[in-house]
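Take a look at the letters that make up each chain.
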Amino acid sequence: MSLLVEGLFKRFGDVPALEGVSLAVAQGEFVSLLGRSGSGKSTILRLVAGFEAPDAGRIAIEGRDMAGLPPQARPCAMMFQSYALFPHLSVHENVAYGLRRAGQYDAGRVEELLRLVGMAGYGARRPAQLSGGQQQRVALARALARRPPLLLLDEPLAALDAGLRAATGAELRRLQRETGTSFVLVTHDQAEALALSDRIVLLEGGRIVQQGPPAEVYARPATRFVAEFLGAANILTEGGREYALRPEDIRLGGELPAQVLSRQFRGESWMLECLTGDGRVLRVSTPGPAPMEGNAVMLGWPATALAPLS
Amino acid sequence: MTRLVLALGLVFLWAPVALLAGFAFSDARQPFLWGGFSLRWFQALARNERLLEAAFLSLSVAAGAATLAVLAGGVLGWVLARQGRFAGRPLFGALAAAPLVLPEVVTGLSLLLLFVVLEQFTGWPQGRGVATVLLAHASLGAAYVGVLVQARLAALGRVLEDAAADLGASPLAIFRTVTLPLILPSLAGGWGLAFLLSLDDVVLASFTGGPGATTLPVLLFSQLRMGPTPEANALAFILLAVAVPLGGLFCWWRGGK
């Protein structure tokens, strides 16, 4: 196990941040912690990195217990949301910082890291002379310099333009594969978590509500919160139980009569809002051609598309 | 309109200074009468050992006090910004900032009392002199440096220090390679501020000074009662000739950043 967290509790003053979180990350795995702000996801990273001490619980990295160890002595590395590049040092010296502290400075290794993140030739610049995306790459090279077995990433894409985000995410994924490093990424962006991770862990109110491979969690959300947080979901009540039904699982041409209330063009599909004969409003995603507003339609879905919620 | 206001403001600020510099070259005995161009007061200044000694003493005390203020104020600012919530922190912060708001007469008198009481109980300092003026100026300067450093550290936040720790830097290495370089501009600015505060202080120096510790402002102030001579103008002109280019250089350097 690259990272093992057991029964983690933490409160700040009277505010509980974590209420019994247990988590395991395998060697070379890419895990995303997904949740709204205040869900405790960033607190987990800060506890693992050693910036805060847990009130209760155990953290082990590479099988070694981390209790009482300061950040300096922990084998993991952290990439900060603001990148936290040293403004008074050049790009080269920023990347070399950890190597120098360990007495392992090697100019060739720094150049290799800058090449790895596509920043070769920028060594002499200051962080202030770089764009946000370039700063992000330098921060990544700096965090990877000492070949940490575990990299913690705090909202690494949040500060980038929407256009850069997808490409940079793919780049992160490639680097993670190439270096074999375990990644634990914190994000509030469900699309980012679904696209990049081997496994996503959903947090709500300091507790883990569900975890698993992205496709599985998306198709089988365990709670209403998960269903609504990951993409769009219709919540149906049948026989006293709640079920989640994804808009793309509903097809036009079933047995349930309905009327189109509104339609929105999403580029690759249309999103319809339909009022069914029994008075429910369902969202339906269809590749088109989409019926006009006010049109009568028939809706249907396979029984397997219904995900029971607890 | 704004240009007119700006021009008036500049005249208001600089006209007295220009007058003072101009009268340094006047041949008259009164420093506010024009008696034709002359360099006699510069020559007189070169022979006036009391004035020159006071000027040299003032510069030395200012440099010493500013250096002490940076050391003490730097630690003060760091403790206030980084040591978090220790018992009595609000009180400590208020006490540290007190010299900024207390009237100088009060500070001066209290320092005088402190020195007298200290002498009674420990035998040090023996009377008032250069050392007591220097300590008084350093304590005032330290309050200013402390505020500057605290504000800078608060604005920087902890994330850079956290990043350094995460990259394996020991607390000492973090201070040396991250904290110190980042607060260096504040320390330099604080040094300059403490230097200037000391250089033009009359009140604290009058209270805590003694025989043999007559700084330039104190000497000029005492001469005022007997009627000043244009020697003081000449000295002021020389100080201006040094200070204005230095100030200009500092502004240019700050502007370039």
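Residues numbered from 1 in each chain as written. Chains lettered and ligands numbered in written order. Predicted model: local features only at pLDDT ≥ 70, side-chain atom pairs only at ≥ 80, totals over all residues. Heavy atoms only, no water.

Overview of the overall build of chain B
Then step 1. Broken down by element type, chain B carries 11 helices and zero strands.
Then step 2. Each helix and strand of chain B, ordered N terminal to C terminal, gives the series α-α-α-α-α-α-α-α-α-α-α.
Then step 3. Oriented by its inertia axes, the alpha-carbon framework of chain B measures out at about 70 × 60 × 30 Å.
Then step 4. Scored against the burial criterion, the 257 residues of chain B give a buried share of 38%.
Then step 5. Considering only contacts in chain B between residues 6 or more positions apart, those separated by 24 or more positions represent 70%.
Then step 6. Carbon and sulfur atoms make up 73% of the accessible area of chain B, which amounts to about 14,700 Å² in all.
Then step 7. Across chain B, the 15 positively charged side chains and the 11 negatively charged ones have centroids separated by 6 Å. (Helix = DSSP H or I, 4+ residues; strand = E, 2+ residues; numbered from the N terminus. Buried < 20%, exposed > 50% of the residue type's maximum accessible area, 1.4 Å probe, protein only. Contact = heavy atoms within 4.5 Å. Areas by Shrake-Rupley, 256 points an atom, 1.4 Å probe, with all protein chains shown as cover. Lys, Arg positive; Asp, Glu negative; His and termini not counted. Charge placed at Lys NZ, Arg CZ, Asp CG, Glu CD.)

Here's the deal with the overall build of chain A
Then step 1. Scanning chain A for helices and strands turns up eight helices and 17 strands.
Then step 2. Overall size of chain A, expressed as C-alpha extent along the three principal axes, is 75 × 45 × 30 Å.
Then step 3. Taking all 310 residues of chain A together, 49% fall into the buried category.
Then step 4. For chain A, restricting intrachain contacts to residue pairs at least 6 apart in sequence, the fraction spanning at least 24 positions comes to 63%.
Then step 5. Across chain A, the centroid of the 33 positively charged side chains sits 5 Å from that of the 32 negatively charged ones.

Comments concerning the UniProt feature "domain: ABC transmembrane type-1" (unreviewed entry) in chain B
Then step 1. In this numbering, the UniProt entry assigns the feature "domain: ABC transmembrane type-1" (unreviewed entry) to residues 55–250 of chain B.
Then step 2. Within the segment residues 55–250 of chain B, helix and strand shares are 83% and 0% respectively, and the terminal C-alpha atoms sit 23 Å apart. (UniProt positions renumbered as here; feature names shortened; annotations may be inferred.)

A closer look at the UniProt feature "domain: ABC transporter" (unreviewed entry) in chain A
Then step 1. Per the UniProt record, the feature "domain: ABC transporter" (unreviewed entry) sits at residues 3–230 of chain A.
Then step 2. The span residues 3–230 of chain A shows a helical share of 35% and a strand share of 26%, and its end C-alpha atoms are spaced 25 Å apart.

Here we look at the UniProt feature "transmembrane region" (unreviewed entry) in chain B
Then step 1. Per the UniProt record, the feature "transmembrane region" (unreviewed entry) sits at residues 55–80, 92–118, 130–151, 172–196, 202–222 and 234–255 of chain B.
Then step 2. Annotated as 100% helix and 0% strand, the span residues 55–80 of chain B places its first and last C-alpha atoms 36 Å apart.

Thoughts on the interface of chain B and chain A
Then step 1. Every contact between the two is made by 19 residues of chain B and, on the other side, 20 residues of chain A.
Then step 2. Summed over both partners, the interface of chain B with chain A comes to about 1,600 Å²; 64% of that surface belongs to carbon and sulfur atoms.
Then step 3. Our count for the contact surface shared by chain B and chain A stands at one salt bridge.
Then step 4. For the interface between chain B and chain A, the tally reads seven residue pairs in polar contact (both at pLDDT 80 or more).
Then step 5. When contributions to the side of chain B that touches chain A are tallied by element, the ones reaching two or more residues are helix H7 (159–166) and helix H8 (171–199) of chain B.
Then step 6. A total of eight residues in the side of chain B that touches chain A trace back to one element, the largest contributor, which is H8(B).
Then step 7. The residue inventory of the side of chain B that touches chain A, partitioned by class, reads 13 nonpolar, three polar and three charged. (Buried area = accessible area lost by both parts, 1.4 Å probe. Salt bridge = Lys/Arg side-chain N within 4 Å of Asp/Glu carboxyl O. Polar contact = N/O pair within 3.5 Å; in protein donor to acceptor, adjacent residues only side chain to side chain. Nonpolar A, V, L, I, M, F, W, Y, C, P; charged D, E, K, R; others polar.)

Overview of the domain arrangement of chain A
Then step 1. Considered domain by domain, chain A is made up of domain 1 (3–219) and domain 2 (232–308).
Then step 2. On a C-alpha basis, the centroid separation for the pair domain 1 of chain A and domain 2 of chain A is 39 Å. (Domains from an automatic or database assignment.)

So, the pattern of salt bridges
Then step 1. Scanning all chains against the criterion turns up 21 salt bridges over all chains.
Then step 2. Here Arg58(A) ties to Glu6(A) by a salt bridge, and the two come within 3.3 Å at their closest N and O atoms. Linking Arg58(A) in strand E4 (residues 56–61) with Glu6(A) in strand E1 (residues 3–12), this pair joins segments that are 52 residues apart in sequence.
Then step 3. Judged by its relative accessible area of 39%, Glu6(A) falls in the partly exposed class.
Then step 4. The partner of Asp162(B) in a salt bridge is Arg46(A), with the nearest N and O atoms 3.4 Å apart. In this pair, Asp162(B) is assigned in helix H7 and Arg46(A) in helix H1 (residues 41–49), connecting two distinct chains.
Then step 5. Three or more residues are tied together by salt bridges with common partners; here these are Arg137(A), Glu171(A), Arg174(A) and Glu178(A).

Quick notes on the nonpolar core
Residues and elements named next belong to chain A.
Then step 1. With 41 residues, the main nonpolar core has Leu 3, Leu 33, Val 48, Phe 86 and Leu 152 as its most contacted residues.
Then step 2. Of all the elements, H1 adds the most residues to this core, at five residues.
Then step 3. The residues contacting Leu 3, other than those within four sequence positions of it, are Leu 23, Ala 24, Val 25, Val 48, Ile 59, Ala 60, Ile 61, Leu 150 and Val 184.
Then step 4. Of all hydrophobic cores here, the second largest spans 31 residues; its members include Ala 77, Leu 99, Ala 143 and Leu 157. (Core = buried A, V, L, I, M, F, W, Y, C linked by side-chain atoms within 4.5 Å.)

What about the sheet that holds E1(A)?
Residues and elements named next belong to chain A.
Then step 1. Read from one edge of the open sheet, four strands run E2-E1-E4-E5, paired in antiparallel fashion. For this open sheet the edge positions go to strand E2 (15–25) and strand E5 (64–65), each flanked by a neighbour on one side alone.
Then step 2. Along the sheet, H1 makes contact with E1, E2 and E4, crossing E1 at roughly 115°. (Pairing = 2+ DSSP bridges. Axes fitted to C-alpha atoms, helices over the stretch in contact; angles between N-to-C directions.)

Observations concerning the sheet that holds strand E9 (residues 199–204) of chain A
Residues and elements named next belong to chain A.
Then step 1. With respect to topology, six strands assemble into an open sheet ordered E6-E7-E8-E3-E9-E10, the strand pairing being mixed. One side of each edge strand has no neighbouring strand; the edge strands of this open sheet are strand E6 (77–79) and strand E10 (207–212). Strand-to-strand twist in this sheet, taken as the mean axis angle between neighbours without regard to direction, amounts to 20°.
Then step 2. Sitting on the sheet, H1 is in contact with strand E3 (30–34), E6, strand E7 (150–154), strand E8 (182–187) and E9, with an inclination near 145° to E7.
Then step 3. Each of E3, E7 and E8 is contacted by helix H5 (residues 162–179), which is oriented at about 155° to E8, the strand it contacts most.

Section: the pairing of E2(A)
Residues and elements named next belong to chain A.
Then step 1. Two strands pair when backbone bridges link them, and E1 and E2 are joined in this way by eight bridges, in the antiparallel orientation. If you follow Leu 4 over to E2, its bridge partner there is Ala 24.
Then step 2. Hairpin connection from E1 to E2: two residues lie between these consecutive antiparallel strands, with Gly 13 at a positive phi of about 65°.

Details of a nonpolar patch on the surface
Residues and elements named next belong to chain B.
Then step 1. Together, Ile 238, Val 242, Leu 246, Leu 249, Phe 250, Trp 252 and Trp 253 make up a nonpolar patch on the protein surface, roughly 760 Å² of accessible area in all.
Then step 2. For Phe 250, the position within the fold is in helix H11 (residues 230–256).
Then step 3. For Phe 250, a relative accessible area of 37% gives the class partly exposed. (Patch = residues over 30% accessible without salt bridge, like charges linked within 9 Å, V, L, I, M, F, W, Y side chains within 5 Å.)

Quick word on unusual backbone geometry
Then step 1. Residue Pro125(B) is bonded to the preceding Trp124(B) through a cis peptide linkage, with omega at -5°.
Then step 2. Of note, Pro125(B) is situated in the loop between helix H5 (104–122) and helix H6 (130–156).

What about H5(A)?
Residue and element names in this part refer to chain A.
Then step 1. Here H5 spans 26 Å end to end across 18 residues, near enough to the 26 Å set by a 1.5 Å rise per residue.
Then step 2. Within H5 the residues assigned to the buried category are Thr 168, Gly 169, Leu 172, Arg 173, Leu 175 and Gln 176. Taken around the axis of H5, the buried residues stretch over an arc of 165°, which confines them to a single face. Within H5, the exposed residues directed more than 90 degrees away from the buried face are Gly 163, Ala 166 and Ala 167.
Then step 3. Where H5 is buried, its residues touch E3, helix H3 (107–116), helix H4 (132–144), E7, E8 and helix H6 (190–196).
Then step 4. Directly beyond the C-terminal end of H5, a positive phi value near 70° is found at Gly 180. (Expected span 1.5 Å × (residues − 1). Arc of directions from axis to C-beta.)

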